[in-house]
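# Reading the structure
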Amino acid sequence: MNNEFLERLICSKCGREYSPESNPLMCINKDKGRLDIVYNYSAVSQRLTRDELGRRETRGVWRYWELLPVSKEYAVSLGEGNTPLIKAERLAEKLRTKKLYLKDETRNPSSSFKDRAMTIGVSKAVEMRADTVVTASSGNAAAALAAYAARSGLRCVAFVPEDVAAGKVSQLLLYGARVFRVKQVEEGVDPTVQLMILTHEKLNWYTCPSFGPFNPYQVEGPKTMLYEIVEQLGWRIPDFIFVPTGSGCLITGLWKACMDLKNIGLMDEYPRLVLVQPTGNMPLVDALKRGLSFSEIRPTPYPHSVASGLLDPYPWDGDLALEAVRKTGGAGVAVSDEEIMNAVKMLAGLEGVFAEPSGAAGLAALLRLLDEGVVSPSDESVVLVTGSGLKEPEKIVRLYPETPLIEPSLEEVLKRI
Ligand SMILES: *Cc1c(COP(=O)(O)O)cnc(C)c1O
Ligand SMILES: [Zn+2]
(Lines give C-alpha, C1' and ligand atoms only; values in the text may rest on other atoms or scores of the structure.)
(Ligands and ions follow the chains in the order given, each with its own letter.)
Protein backbone atom coordinates (compact mmCIF):
# COMPACT_ATOMS: atom_id res chain seq x y z
CA MET A 1 0.00 0.00 0.00
CA ASN A 2 1.36 3.35 -1.07
CA ASN A 3 0.76 6.75 0.44
CA GLU A 4 -2.73 7.69 -0.82
CA PHE A 5 -1.50 11.13 -1.96
CA LEU A 6 0.89 9.72 -4.58
CA GLU A 7 -0.36 10.26 -8.09
CA ARG A 8 2.29 9.06 -10.55
CA LEU A 9 5.98 9.02 -11.46
CA ILE A 10 7.36 10.66 -14.62
CA CYS A 11 10.77 9.96 -16.17
CA SER A 12 12.82 13.17 -16.31
CA LYS A 13 14.45 12.03 -19.59
CA CYS A 14 11.74 10.43 -21.75
CA GLY A 15 8.55 11.49 -19.99
CA ARG A 16 7.26 7.94 -19.60
CA GLU A 17 4.71 7.67 -16.79
CA TYR A 18 4.49 5.00 -14.09
CA SER A 19 1.79 4.21 -11.57
CA PRO A 20 2.89 4.30 -7.91
CA GLU A 21 1.62 0.71 -7.46
CA SER A 22 4.25 -0.59 -9.89
CA ASN A 23 6.98 0.69 -7.49
CA PRO A 24 9.56 1.41 -10.21
CA LEU A 25 13.19 2.20 -9.30
CA MET A 26 14.49 3.14 -12.76
CA CYS A 27 13.02 3.93 -16.17
CA ILE A 28 12.60 0.79 -18.30
CA ASN A 29 14.11 2.73 -21.22
CA LYS A 30 17.44 2.62 -19.34
CA ASP A 31 17.96 6.29 -20.11
CA LYS A 32 19.24 7.26 -16.62
CA GLY A 33 16.21 9.49 -16.15
CA ARG A 34 14.94 10.16 -12.64
CA LEU A 35 11.35 9.08 -11.96
CA ASP A 36 10.01 12.33 -10.52
CA ILE A 37 7.15 11.83 -8.12
CA VAL A 38 3.92 13.73 -8.54
CA TYR A 39 1.46 14.11 -5.64
CA ASN A 40 -2.20 14.95 -5.65
CA TYR A 41 -1.56 18.52 -4.51
CA SER A 42 -5.17 19.57 -4.19
CA ALA A 43 -5.81 16.66 -1.81
CA VAL A 44 -2.58 17.38 0.12
CA SER A 45 -3.50 21.08 0.40
CA GLN A 46 -6.78 20.14 2.09
CA ARG A 47 -4.89 18.15 4.69
CA LEU A 48 -1.54 19.86 5.20
CA THR A 49 -2.43 23.36 6.38
CA ARG A 50 -0.51 25.65 8.75
CA ASP A 51 -3.08 24.95 11.45
CA GLU A 52 -2.78 21.21 11.01
CA LEU A 53 1.02 21.41 11.21
CA GLY A 54 0.73 23.62 14.28
CA ARG A 55 -1.21 20.86 16.03
CA ARG A 56 0.95 17.99 14.86
CA GLU A 57 3.24 16.39 17.43
CA THR A 58 5.41 14.19 15.20
CA ARG A 59 8.74 15.94 14.51
CA GLY A 60 11.41 15.30 11.88
CA VAL A 61 11.18 13.77 8.42
CA TRP A 62 7.96 11.80 8.98
CA ARG A 63 6.07 14.89 10.16
CA TYR A 64 5.45 15.61 6.46
CA TRP A 65 4.33 12.12 5.41
CA GLU A 66 1.68 13.37 2.96
CA LEU A 67 4.54 14.62 0.75
CA LEU A 68 6.65 11.47 1.08
CA PRO A 69 6.48 8.45 -1.25
CA VAL A 70 6.08 5.72 1.39
CA SER A 71 3.19 4.95 3.67
CA LYS A 72 4.26 5.80 7.23
CA GLU A 73 3.38 2.35 8.55
CA TYR A 74 6.64 1.17 6.92
CA ALA A 75 8.76 3.93 8.45
CA VAL A 76 12.23 2.82 9.51
CA SER A 77 13.27 5.71 11.72
CA LEU A 78 16.17 6.65 13.96
CA GLY A 79 14.79 10.07 14.88
CA GLU A 80 16.27 11.85 11.82
CA GLY A 81 15.52 15.49 11.02
CA ASN A 82 14.05 18.07 13.40
CA THR A 83 17.54 19.58 13.54
CA PRO A 84 18.05 22.98 15.14
CA LEU A 85 18.04 26.22 13.15
CA ILE A 86 20.65 28.13 15.11
CA LYS A 87 20.69 31.93 15.03
CA ALA A 88 24.41 32.59 14.48
CA GLU A 89 24.94 35.93 16.18
CA ARG A 90 28.70 35.88 16.74
CA LEU A 91 29.30 34.70 13.19
CA ALA A 92 26.92 37.35 11.83
CA GLU A 93 28.74 40.07 13.74
CA LYS A 94 32.06 38.90 12.38
CA LEU A 95 30.71 38.90 8.81
CA ARG A 96 28.98 42.26 9.34
CA THR A 97 25.62 40.86 8.38
CA LYS A 98 22.45 40.70 10.44
CA LYS A 99 20.28 37.68 9.88
CA LEU A 100 22.21 34.44 9.67
CA TYR A 101 21.02 30.94 10.58
CA LEU A 102 22.78 27.57 10.58
CA LYS A 103 20.70 24.46 9.86
CA ASP A 104 22.69 21.98 11.93
CA GLU A 105 22.40 18.68 10.07
CA THR A 106 25.37 17.21 11.96
CA ARG A 107 22.79 16.20 14.62
CA ASN A 108 21.32 13.43 12.49
CA PRO A 109 21.67 9.76 13.60
CA SER A 110 24.67 8.92 11.40
CA SER A 111 25.94 12.55 11.54
CA SER A 112 24.96 13.88 8.12
CA PHE A 113 21.81 15.00 6.30
CA LYS A 114 21.93 11.78 4.23
CA ASP A 115 19.83 10.18 6.98
CA ARG A 116 16.85 12.14 5.68
CA ALA A 117 17.26 10.40 2.32
CA MET A 118 17.98 6.94 3.66
CA THR A 119 15.09 6.75 6.13
CA ILE A 120 12.87 7.08 3.04
CA GLY A 121 14.99 4.83 0.80
CA VAL A 122 15.08 1.98 3.32
CA SER A 123 11.42 2.32 4.33
CA LYS A 124 10.52 1.93 0.65
CA ALA A 125 12.74 -1.16 0.46
CA VAL A 126 10.81 -2.63 3.39
CA GLU A 127 7.51 -1.82 1.69
CA MET A 128 8.77 -3.49 -1.50
CA ARG A 129 9.96 -6.53 0.53
CA ALA A 130 13.55 -6.22 -0.70
CA ASP A 131 16.15 -8.33 1.10
CA THR A 132 19.32 -6.54 -0.01
CA VAL A 133 19.96 -2.81 -0.43
CA VAL A 134 22.98 -1.79 -2.50
CA THR A 135 24.89 1.46 -2.98
CA ALA A 136 27.89 2.85 -4.82
CA SER A 137 29.50 5.16 -2.27
CA SER A 138 32.02 5.11 0.54
CA GLY A 139 30.89 8.28 2.20
CA ASN A 140 27.99 9.66 4.18
CA ALA A 141 25.31 8.19 1.90
CA ALA A 142 26.60 4.65 2.41
CA ALA A 143 26.97 5.18 6.17
CA ALA A 144 23.37 6.38 6.39
CA LEU A 145 22.10 3.50 4.25
CA ALA A 146 24.02 0.99 6.39
CA ALA A 147 22.54 2.47 9.59
CA TYR A 148 18.94 2.21 8.39
CA ALA A 149 19.57 -1.24 6.92
CA ALA A 150 20.87 -2.35 10.32
CA ARG A 151 17.81 -0.88 12.01
CA SER A 152 15.45 -2.76 9.67
CA GLY A 153 17.39 -6.02 9.41
CA LEU A 154 18.04 -5.73 5.66
CA ARG A 155 21.35 -6.78 4.16
CA CYS A 156 23.44 -3.82 2.96
CA VAL A 157 26.12 -4.02 0.27
CA ALA A 158 28.41 -1.09 -0.57
CA PHE A 159 30.67 -0.95 -3.63
CA VAL A 160 33.48 1.52 -2.99
CA PRO A 161 36.38 2.80 -5.12
CA GLU A 162 39.69 0.93 -5.15
CA ASP A 163 41.59 3.76 -3.44
CA VAL A 164 39.10 4.48 -0.65
CA ALA A 165 40.58 5.64 2.68
CA ALA A 166 40.32 2.87 5.28
CA GLY A 167 38.91 5.28 7.85
CA LYS A 168 35.92 6.07 5.69
CA VAL A 169 34.62 2.52 5.56
CA SER A 170 34.82 1.98 9.33
CA GLN A 171 31.35 3.38 9.99
CA LEU A 172 29.85 1.13 7.27
CA LEU A 173 31.56 -1.95 8.65
CA LEU A 174 30.38 -1.26 12.17
CA TYR A 175 26.77 -0.96 10.98
CA GLY A 176 27.26 -4.40 9.45
CA ALA A 177 27.46 -3.52 5.75
CA ARG A 178 29.29 -5.84 3.33
CA VAL A 179 31.89 -3.61 1.68
CA PHE A 180 33.70 -4.40 -1.61
CA ARG A 181 36.46 -2.34 -3.23
CA VAL A 182 36.03 -2.45 -7.00
CA LYS A 183 38.90 -2.27 -9.51
CA GLN A 184 38.93 0.61 -11.97
CA VAL A 185 39.37 -1.14 -15.34
CA GLU A 186 37.99 1.34 -17.85
CA GLU A 187 38.68 5.07 -17.84
CA GLY A 188 35.66 7.35 -17.54
CA VAL A 189 33.21 4.71 -16.23
CA ASP A 190 32.53 4.35 -12.54
CA PRO A 191 32.83 0.60 -11.88
CA THR A 192 30.98 0.89 -8.54
CA VAL A 193 27.89 2.31 -10.26
CA GLN A 194 28.16 -0.32 -13.05
CA LEU A 195 28.25 -3.13 -10.50
CA MET A 196 25.37 -1.67 -8.52
CA ILE A 197 23.20 -1.61 -11.67
CA LEU A 198 24.26 -5.15 -12.57
CA THR A 199 23.27 -6.51 -9.14
CA HIS A 200 19.88 -4.87 -9.60
CA GLU A 201 19.35 -6.38 -13.04
CA LYS A 202 20.61 -9.87 -12.23
CA LEU A 203 19.87 -10.28 -8.51
CA ASN A 204 17.02 -7.83 -8.05
CA TRP A 205 18.90 -5.97 -5.31
CA TYR A 206 17.32 -2.67 -4.30
CA THR A 207 19.54 0.22 -5.48
CA CYS A 208 19.74 3.06 -2.98
CA PRO A 209 22.55 5.53 -3.67
CA SER A 210 21.96 9.21 -2.90
CA PHE A 211 21.20 10.25 -6.46
CA GLY A 212 17.91 10.20 -8.29
CA PRO A 213 18.33 8.12 -11.46
CA PHE A 214 18.84 4.90 -9.44
CA ASN A 215 16.32 5.56 -6.69
CA PRO A 216 13.61 8.21 -6.96
CA TYR A 217 12.23 7.71 -3.44
CA GLN A 218 15.22 8.76 -1.33
CA VAL A 219 15.32 12.14 -3.15
CA GLU A 220 12.12 13.04 -1.32
CA GLY A 221 13.67 12.82 2.17
CA PRO A 222 15.90 15.92 1.95
CA LYS A 223 12.82 17.97 0.96
CA THR A 224 11.92 17.96 4.64
CA MET A 225 14.96 20.14 5.45
CA LEU A 226 13.27 23.01 3.61
CA TYR A 227 9.85 22.37 5.17
CA GLU A 228 11.52 22.52 8.59
CA ILE A 229 13.38 25.75 7.83
CA VAL A 230 10.24 27.64 6.82
CA GLU A 231 8.31 26.27 9.79
CA GLN A 232 11.19 27.18 12.15
CA LEU A 233 11.21 30.72 10.73
CA GLY A 234 7.49 31.02 11.42
CA TRP A 235 6.63 30.66 7.70
CA ARG A 236 9.01 33.42 6.66
CA ILE A 237 10.97 32.64 3.47
CA PRO A 238 14.71 33.38 3.87
CA ASP A 239 16.41 35.40 1.12
CA PHE A 240 19.23 32.88 0.53
CA ILE A 241 19.92 29.22 1.29
CA PHE A 242 23.51 27.97 0.84
CA VAL A 243 23.72 24.38 -0.39
CA PRO A 244 26.94 22.30 -0.57
CA THR A 245 26.62 20.28 -3.77
CA GLY A 246 28.11 17.11 -5.26
CA SER A 247 25.65 14.97 -7.24
CA GLY A 248 23.00 17.70 -7.02
CA CYS A 249 20.48 15.52 -5.19
CA LEU A 250 20.22 17.72 -2.09
CA ILE A 251 19.56 20.93 -4.01
CA THR A 252 17.11 18.98 -6.20
CA GLY A 253 15.23 17.98 -3.04
CA LEU A 254 15.14 21.56 -1.77
CA TRP A 255 13.82 22.77 -5.11
CA LYS A 256 11.14 20.05 -5.15
CA ALA A 257 10.18 21.15 -1.64
CA CYS A 258 9.80 24.76 -2.81
CA MET A 259 7.51 23.63 -5.63
CA ASP A 260 5.54 21.38 -3.23
CA LEU A 261 4.91 24.25 -0.82
CA LYS A 262 3.90 26.51 -3.69
CA ASN A 263 1.59 23.83 -5.13
CA ILE A 264 -0.23 23.42 -1.83
CA GLY A 265 -0.42 27.14 -1.15
CA LEU A 266 1.95 27.31 1.83
CA MET A 267 4.56 29.50 0.12
CA ASP A 268 4.29 32.14 -2.57
CA GLU A 269 7.87 33.14 -3.26
CA TYR A 270 11.09 31.14 -3.43
CA PRO A 271 14.29 31.49 -1.42
CA ARG A 272 17.31 32.02 -3.68
CA LEU A 273 19.19 28.71 -3.74
CA VAL A 274 22.99 29.04 -3.88
CA LEU A 275 24.75 25.98 -5.32
CA VAL A 276 28.21 25.58 -3.78
CA GLN A 277 30.99 23.32 -5.13
CA PRO A 278 34.73 23.04 -4.46
CA THR A 279 37.04 24.45 -7.15
CA GLY A 280 38.45 20.92 -7.68
CA ASN A 281 35.05 19.60 -8.81
CA MET A 282 32.70 22.27 -10.13
CA PRO A 283 30.80 21.00 -13.19
CA LEU A 284 27.50 22.59 -12.13
CA VAL A 285 29.00 25.96 -11.16
CA ASP A 286 30.81 25.91 -14.48
CA ALA A 287 27.60 25.11 -16.38
CA LEU A 288 25.82 28.01 -14.62
CA LYS A 289 28.64 30.44 -15.46
CA ARG A 290 28.77 29.36 -19.10
CA GLY A 291 25.02 28.97 -19.60
CA LEU A 292 25.30 25.27 -20.45
CA SER A 293 22.44 22.80 -20.36
CA PHE A 294 22.58 19.56 -18.35
CA SER A 295 23.25 17.43 -21.43
CA GLU A 296 26.41 19.42 -22.15
CA ILE A 297 28.01 18.51 -18.79
CA ARG A 298 30.87 15.99 -18.85
CA PRO A 299 32.27 14.14 -15.83
CA THR A 300 35.21 15.82 -14.07
CA PRO A 301 38.31 13.71 -14.95
CA TYR A 302 40.17 14.08 -11.62
CA PRO A 303 37.93 15.55 -8.93
CA HIS A 304 39.92 16.68 -5.89
CA SER A 305 39.09 18.63 -2.75
CA VAL A 306 39.31 18.52 1.02
CA ALA A 307 35.48 18.33 0.82
CA SER A 308 35.25 14.59 0.18
CA GLY A 309 31.43 14.59 0.20
CA LEU A 310 31.37 16.87 -2.84
CA LEU A 311 33.55 14.81 -5.16
CA ASP A 312 30.94 13.09 -7.34
CA PRO A 313 32.62 13.23 -10.76
CA TYR A 314 29.20 13.37 -12.46
CA PRO A 315 26.21 15.35 -11.16
CA TRP A 316 23.46 12.77 -11.64
CA ASP A 317 20.74 15.20 -10.58
CA GLY A 318 22.25 18.14 -12.42
CA ASP A 319 19.11 18.84 -14.47
CA LEU A 320 17.02 19.94 -11.50
CA ALA A 321 20.07 21.35 -9.69
CA LEU A 322 20.57 23.84 -12.53
CA GLU A 323 16.85 24.56 -12.68
CA ALA A 324 16.81 25.19 -8.90
CA VAL A 325 19.39 27.96 -9.23
CA ARG A 326 17.98 29.47 -12.41
CA LYS A 327 14.33 29.50 -11.34
CA THR A 328 14.96 30.89 -7.85
CA GLY A 329 17.39 33.60 -8.97
CA GLY A 330 20.15 31.93 -7.00
CA ALA A 331 23.84 31.59 -7.86
CA GLY A 332 26.65 29.08 -8.36
CA VAL A 333 29.80 29.56 -6.28
CA ALA A 334 33.05 27.56 -6.30
CA VAL A 335 35.18 27.74 -3.14
CA SER A 336 38.82 26.74 -2.60
CA ASP A 337 40.01 24.22 -0.01
CA GLU A 338 41.52 27.11 1.93
CA GLU A 339 38.20 28.96 2.07
CA ILE A 340 36.48 25.74 3.14
CA MET A 341 38.90 25.05 6.00
CA ASN A 342 38.59 28.67 7.13
CA ALA A 343 34.81 28.15 7.27
CA VAL A 344 35.27 24.93 9.30
CA LYS A 345 37.26 26.96 11.87
CA MET A 346 34.74 29.80 12.00
CA LEU A 347 31.78 27.49 12.56
CA ALA A 348 33.51 25.74 15.44
CA GLY A 349 35.26 28.74 16.98
CA LEU A 350 32.43 31.25 16.77
CA GLU A 351 29.32 29.10 17.10
CA GLY A 352 30.36 25.72 18.55
CA VAL A 353 29.28 23.79 15.46
CA PHE A 354 31.70 21.04 14.41
CA ALA A 355 31.41 20.48 10.65
CA GLU A 356 33.30 18.35 8.17
CA PRO A 357 34.78 20.31 5.23
CA SER A 358 31.85 19.42 2.91
CA GLY A 359 29.50 20.61 5.61
CA ALA A 360 31.18 24.01 5.88
CA ALA A 361 31.37 24.86 2.17
CA GLY A 362 28.09 26.80 2.35
CA LEU A 363 29.53 29.26 4.84
CA ALA A 364 32.61 29.76 2.66
CA ALA A 365 30.27 30.72 -0.20
CA LEU A 366 28.32 33.16 1.97
CA LEU A 367 31.57 34.95 2.86
CA ARG A 368 32.30 35.28 -0.83
CA LEU A 369 28.86 36.59 -1.82
CA LEU A 370 28.90 39.13 1.04
CA ASP A 371 32.28 40.31 -0.23
CA GLU A 372 31.00 40.60 -3.77
CA GLY A 373 27.87 42.42 -2.63
CA VAL A 374 25.52 39.78 -4.08
CA VAL A 375 24.24 39.20 -0.53
CA SER A 376 23.64 42.45 1.35
CA PRO A 377 23.94 42.83 5.13
CA SER A 378 20.16 43.14 5.51
CA ASP A 379 19.46 39.83 3.71
CA GLU A 380 18.44 36.78 5.70
CA SER A 381 20.63 33.75 4.96
CA VAL A 382 20.42 30.10 5.98
CA VAL A 383 23.62 28.05 5.72
CA LEU A 384 23.14 24.29 5.59
CA VAL A 385 25.77 22.54 7.72
CA THR A 386 25.39 19.14 6.13
CA GLY A 387 27.83 16.82 7.93
CA SER A 388 29.82 16.44 11.16
CA GLY A 389 33.54 17.05 11.71
CA LEU A 390 33.72 13.79 13.65
CA LYS A 391 33.57 12.03 10.27
CA GLU A 392 37.09 13.11 9.32
CA PRO A 393 39.02 14.20 12.42
CA GLU A 394 42.36 13.69 10.67
CA LYS A 395 41.64 16.68 8.42
CA ILE A 396 41.11 18.88 11.48
CA VAL A 397 44.18 17.70 13.42
CA ARG A 398 46.35 18.73 10.46
CA LEU A 399 45.36 22.37 10.98
CA TYR A 400 47.13 22.70 14.34
CA PRO A 401 50.66 22.41 15.76
CA GLU A 402 51.35 19.72 18.33
CA THR A 403 49.53 20.21 21.65
CA PRO A 404 51.96 21.74 24.21
CA LEU A 405 53.19 19.54 27.07
CA ILE A 406 53.54 21.41 30.37
CA GLU A 407 54.56 20.90 34.00
CA PRO A 408 51.51 20.47 36.27
CA SER A 409 51.77 24.01 37.64
CA LEU A 410 49.55 27.07 37.49
CA GLU A 411 52.51 29.32 36.58
CA GLU A 412 53.02 27.38 33.36
CA VAL A 413 49.35 27.73 32.43
CA LEU A 414 49.35 31.47 33.07
CA LYS A 415 52.62 31.90 31.18
CA ARG A 416 51.20 30.30 28.05
CA ILE A 417 47.50 31.19 27.96
C1 LIG B 1 26.36 14.20 0.06
C2 LIG B 1 26.79 15.43 0.77
C3 LIG B 1 26.61 16.71 0.20
C4 LIG B 1 26.14 16.94 -1.21
O5 LIG B 1 24.94 16.39 -1.55
P6 LIG B 1 24.59 15.99 -3.07
O7 LIG B 1 23.21 15.48 -2.94
O8 LIG B 1 25.57 14.93 -3.51
O9 LIG B 1 24.69 17.21 -3.91
C10 LIG B 1 26.94 17.81 0.98
N11 LIG B 1 27.45 17.68 2.21
C12 LIG B 1 27.66 16.47 2.78
C13 LIG B 1 28.24 16.41 4.14
C14 LIG B 1 27.33 15.31 2.08
O15 LIG B 1 27.54 14.12 2.63
ZN1 LIG C 1 12.90 7.30 -19.35
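Details of the structure are given in the entry above.
The structure presented is a predicted model; accordingly, all values stated were derived computationally and were not measured.

## Overview of the site of ligand 1
The local shell around ligand 1 holds 17 residues, among which K114, N140, G246, L250 and T386 are the closest. In the model, an oxygen atom of ligand 1 is placed 2.8 Å from a nitrogen or oxygen of the G246 main chain. Between ligand 1 and G248, the relevant distance is 2.9 Å, taken from an oxygen atom to a main-chain nitrogen or oxygen of the residue. Taking 380 Å² as the accessible area of ligand 1 by itself, protein coverage stands at 97%. Residues that form the shell around ligand 1 fall into these classes: 5 nonpolar, 9 polar and 3 charged.

## Looking at the pattern of salt bridges
Applying the stated criterion across every chain yields a total of 26 salt bridges. Between R8 and E17 there is a salt bridge, with its nearest N and O atoms 3.6 Å apart. By relative accessible area, which is 29% here, R8 ends up partly exposed. For D286, the salt bridge goes to R290, with nearest N and O atoms at 2.8 Å. Highlighted residues: D286 and R290, both in helix α10 (residues 283-290), separated by 4 residues, approximately one helical turn. Here D286 falls in the partly exposed class, since its relative accessible area comes to 27%.

## Things to note about the packing of aromatic side chains
By the definition in use, this model includes 11 aromatic pairs. Both rings, one in F159 and one in F180, keep their centres 6.1 Å apart while their planes meet at 35°; by these two values the pair is tilted. Placement of F159 in strand β7 (residues 155-161) and of F180 in strand β8 (residues 178-182) is noted, with a sequence separation of 21 residues between them. Taken together, the ring pairs in this structure connect F211, F214, F294, Y314 and W316 into an aromatic cluster. In this structure, K345 is placed above the aromatic ring of Y400, and the distance from its NZ or CZ to the ring centre is 5.6 Å.

## Looking at the coordination of the zinc ion (ligand 2)
Note on metal geometry: ideal angles are 109.5 degrees for four donors arranged tetrahedrally and 90 or 180 degrees for six donors arranged octahedrally. Note on the zinc ion (ligand 2): its protein donors are C11 (SG), C14 (SG), C27 (SG) and D31 (OD). The metal-donor distances range over 2.0 to 2.3 Å. Given 4 donor atoms and angles of 100 to 123° at the metal, the environment of the zinc ion (ligand 2) is assigned as tetrahedral.

## Some remarks on helix α4 (residues 114-127)
The end-to-end C-alpha separation of α4 is 20 Å, in line with the 20 Å expected for 14 residues at 1.5 Å each. Most of α4 is tucked away, with 13 of its 14 residues classed as buried. At the C-terminal side of α4, R129 shows a positive phi close to 55°.

About the thresholds
- Residues numbered from 1 in each chain as written.
- Chains lettered and ligands numbered in written order.
- Predicted model: local features only at pLDDT ≥ 70, side-chain atom pairs only at ≥ 80, totals over all residues.
- Heavy atoms only, no water.
- Near = heavy atom within 4 Å.
- Polar contact = N/O pair within 3.5 Å; in protein donor to acceptor, adjacent residues only side chain to side chain.
- Areas by Shrake-Rupley, 256 points an atom, 1.4 Å probe, with all protein chains shown as cover.
- Nonpolar A, V, L, I, M, F, W, Y, C, P; charged D, E, K, R; others polar.
- Salt bridge = Lys/Arg side-chain N within 4 Å of Asp/Glu carboxyl O.
- Buried < 20%, exposed > 50% of the residue type's maximum accessible area, 1.4 Å probe, protein only.
- Helix = DSSP H or I, 4+ residues; strand = E, 2+ residues; numbered from the N terminus.
- Phe/Tyr/Trp six-rings, centres within 6.5 Å; stacked < 30°, edge-to-face > 60°.
- Lys NZ or Arg CZ within 6 Å of the ring centre and 35° of its normal.
- Donors = N, O, S within 2.8 Å, 3.2 Å for Na, K, Ca; no water.
- Tetrahedral: all angles 85-135°; square planar, octahedral: opposite > 155°, others 65-115°.
- Expected span 1.5 Å × (residues − 1).

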